[in-house]
Amino acid sequence: MAQQQGKRGRGGAAAIMAVASLVLALPQPGTAVAQTTDGPAADAAPRLRTPTERGIAAFERGDWVEAEREFTAALKPARLNARTQRDTLLISLENLALARERRGNYRASEPLRAEALTIRRERDGDDKPETLTAMMDLGYARQTGRGDVSPLFLAALRGRQARDDWTGASEASLALAYARARAGRFPEADHAAGVALDLAERAKDPDARRIALLGFGNVLSLAGRYPEAEARAQEALADLPPDAHPILRARILGVIATARQQQGRYTDAAEAQTEAIRLLEGEVDGARVELAGAVNDLAIIRDHQLRLVDAEFLYRRALALATDPVETAAYTSNLGWNLHQQDRHEEAERLLRQAAESYDRLKGRLDPDGASAWTNLAGELQSQGRDAEAVPIFRDALARYEKTLGRTHATVGWTLNAMARSIAATGGETEAERLFREALTLSEARRPPGHPEITRQSGDLADLLIRTRRTDEALPLLRRVSADVLARTGAQPETGAGSDARRELDRDRRLFRLQVQAAWAAQADRPSA
């Protein structure tokens, strides 16, 4: 299975760590954005006379497109009178930024947030609560682009601690943890997530504690520590009150689903993700971006179950819901790999190349999801027998992973193994064997016993050993592979009960039966000692 991007693995508009506007202030019916200095517009007069008033009304009814249009109109005169009406300009910038973020367009909100922070710093200084919040908002907006946002979150953390704002400090530490995890700085991320949980406890704020648990789970998932991630998210879920906001409950379920999927427990993962989608479909306010990510994540699970047609439908639905270009690139790459599995190679290659190039343009080279997109493209070229073209792309993607996630992250195993197949196909059997073994060792350390990735990597290494007439070494691997496949077939298979899953298992059994027969035949041809 390729390195598909789930919504909590990217850090874009749907990032679970964007807690300021998307968790701590979960949208509620009737929540208004910043008002003009004239007071609450909706209650001031029967008619809505100004663009700001109309924008607020549109925002409150969840019409983000209309709200953005009206707030854009309000910003123009505010800029013309910026010297005399600086407060009005600030409000207009933050209103328009918030409307764009509700549509998932964080990249377009980033320059507005930057300008607003500059004004607040000049007017109020760096230590005022409003300035610290503006730092957080700018950090969230910049998470979808290039560069390190850690300094913004760290400054907000220190400022809030100095003010004894423990709930706000917990939020800032959690955002810092996520930023560091995205940069592959996992020990620092783990520490920051632990600090966030401690600060939430100090605040005696149950909601902050639940969010800290959820965020901690997400950071652990990014680090490839999936059982721990699931445990943290389960703790947050158990702590939720019955009247908890559906979006928060859906996010927790999403982290649980991702952790289960990465452990090969696809049926359990699909159950949690389907429930998350059900909750989000019942929400109108602010749920579009969340819903797109959840639909994409369910599609990934269906891909693993080989329910490919179902997965294709879900990917296309996620693309229809997506508004942010980074999200669109992720869903496009996932759809491309789905079409690859359906042997629709021309369309698959076009989409995979489009997604990979979009990542480089939007986020630069040092982004792990961009590396995953290029890995997917290389996998498609490999399937077409174009191994010589695939190898340099695999090598480049691996170099990107090493600079962000590190060489031992669970995500790297798939790339190492896939690259080894192409290298073996082009005659580099010695290097291929080394890479096969490294991938298998990594997966055994990061995945639970019997995980499908371990099974397939064992089979690939065994196949190479058979072709190099080292059947004594191959046979233990093949017996292990056969036992894993039979275990998945004998019980209810975790890949699902559908006919696609059964075909996958039958295919695996036929493949490994042939390998075992070939191994024994090669053994018989060897001269006696």
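Residues numbered from 1 in each chain as written. Predicted model: local features only at pLDDT ≥ 70, side-chain atom pairs only at ≥ 80, totals over all residues. Heavy atoms only, no water.

1. A few points about the packing of aromatic side chains
Evaluated as defined, the whole model comprises two aromatic pairs. Judged by centre distance (5.4 Å) and plane angle (45°), the ring pair of Tyr-140 and Phe-153 falls under tilted. Residue Tyr-140 is found in helix 7 (residues 129-142), and its partner Phe-153 is found in helix 8 (residues 150-162); the two are separated by 13 residues along the sequence. Of the residues examined, Tyr-140 reaches a relative accessible area of 2% and is grouped as buried. With a relative accessible area of 0%, Phe-153 lands in the buried category. Measuring from ring centre to ring centre gives 5.7 Å for Trp-337 and Trp-414, while their planes differ by 85°; the resulting arrangement is edge-to-face. (Phe/Tyr/Trp six-rings, centres within 6.5 Å; stacked < 30°, edge-to-face > 60°. Helix = DSSP H or I, 4+ residues; strand = E, 2+ residues; numbered from the N terminus. Buried < 20%, exposed > 50% of the residue type's maximum accessible area, 1.4 Å probe, protein only.)

2. Quick word on the confidence of the model for the chain
Regions with low pLDDT carry predicted coordinates that are not meant to be interpreted in detail. Looking at the chain, the pLDDT average stands at 80 and 81% of residues meet or exceed 70. Of all the helices and strands in the chain, helix 1 (residues 19-24) carries the lowest mean pLDDT, 27, while helix 16 (residues 308-321) carries the highest, 95. This model gives residues 8-46 a pLDDT under 50, and the stretch forms 111 contacts once residues within four places in sequence are excluded. This stretch, residues 491-502, has a pLDDT under 50; its non-local contacts, to residues over four places away or in other chains, come to 26 contacts. (pLDDT = per-residue confidence, 0-100. Contact = heavy atoms within 4.5 Å.)

3. Focus: unusual backbone geometry
Unusually for a residue other than glycine, Asp-164 sits at a positive phi of about 60°. Considering the arrangement of structural elements, one finds Asp-164 in the loop between helix 8 and helix 9 (166-182). A residue is classified by how much of its surface remains accessible, and Asp-164, at 51% relative accessible area, is exposed. With phi around 65°, Asp-343 is a residue other than glycine that occupies positive phi space. Along the chain, Asp-343 falls in the loop between helix 17 (325-341) and helix 18 (345-363).

4. What about helix 20 (residues 387-404)?
Between its first and last C-alpha atoms helix 20 spans 26 Å; for 18 residues at 1.5 Å apiece the expected length is 26 Å, and the two agree. If you follow the buried residues of helix 20, they end up packed against helix 18, helix 19 (368-383) and helix 21 (410-425). Among the residues trailing helix 20, Gly-406 stands out with phi positive, at a value near 95°. (Expected span 1.5 Å × (residues − 1).)

5. Concerning the nonpolar core
Ranked by size, the top nonpolar core spans 131 residues in total, and within it Met-136, Phe-153, Ile-252, Leu-280, Phe-394, Leu-416 and Ala-432 carry the most contacts. No other element matches helix 9, which puts ten residues into this core. With residues near it in sequence (within four places) discarded, Leu-280 still touches Ile-247, Ala-250, Ala-287, Glu-290, Leu-291 and Ala-294. Core analysis: the next-biggest nonpolar cluster, separate from the first, contains 18 residues, Phe-59, Phe-71, Leu-96 and Leu-112 among them. (Core = buried A, V, L, I, M, F, W, Y, C linked by side-chain atoms within 4.5 Å.)

6. With respect to the environment of Thr-468
Mapped onto the fold, Thr-468 is located in the loop between helix 23 (452-467) and helix 24 (471-490). Classification of Thr-468 by relative accessible area gives partly exposed; the value is 26%. As a C-alpha pair, Thr-468 and Glu-429 span 39 residues in sequence and 8.5 Å in three-dimensional space. Among the polar contacts listed, one links the side chain of Thr-468 to the backbone oxygen of Leu-464, at a separation of 3.0 Å. (Polar contact = N/O pair within 3.5 Å; in protein donor to acceptor, adjacent residues only side chain to side chain.)

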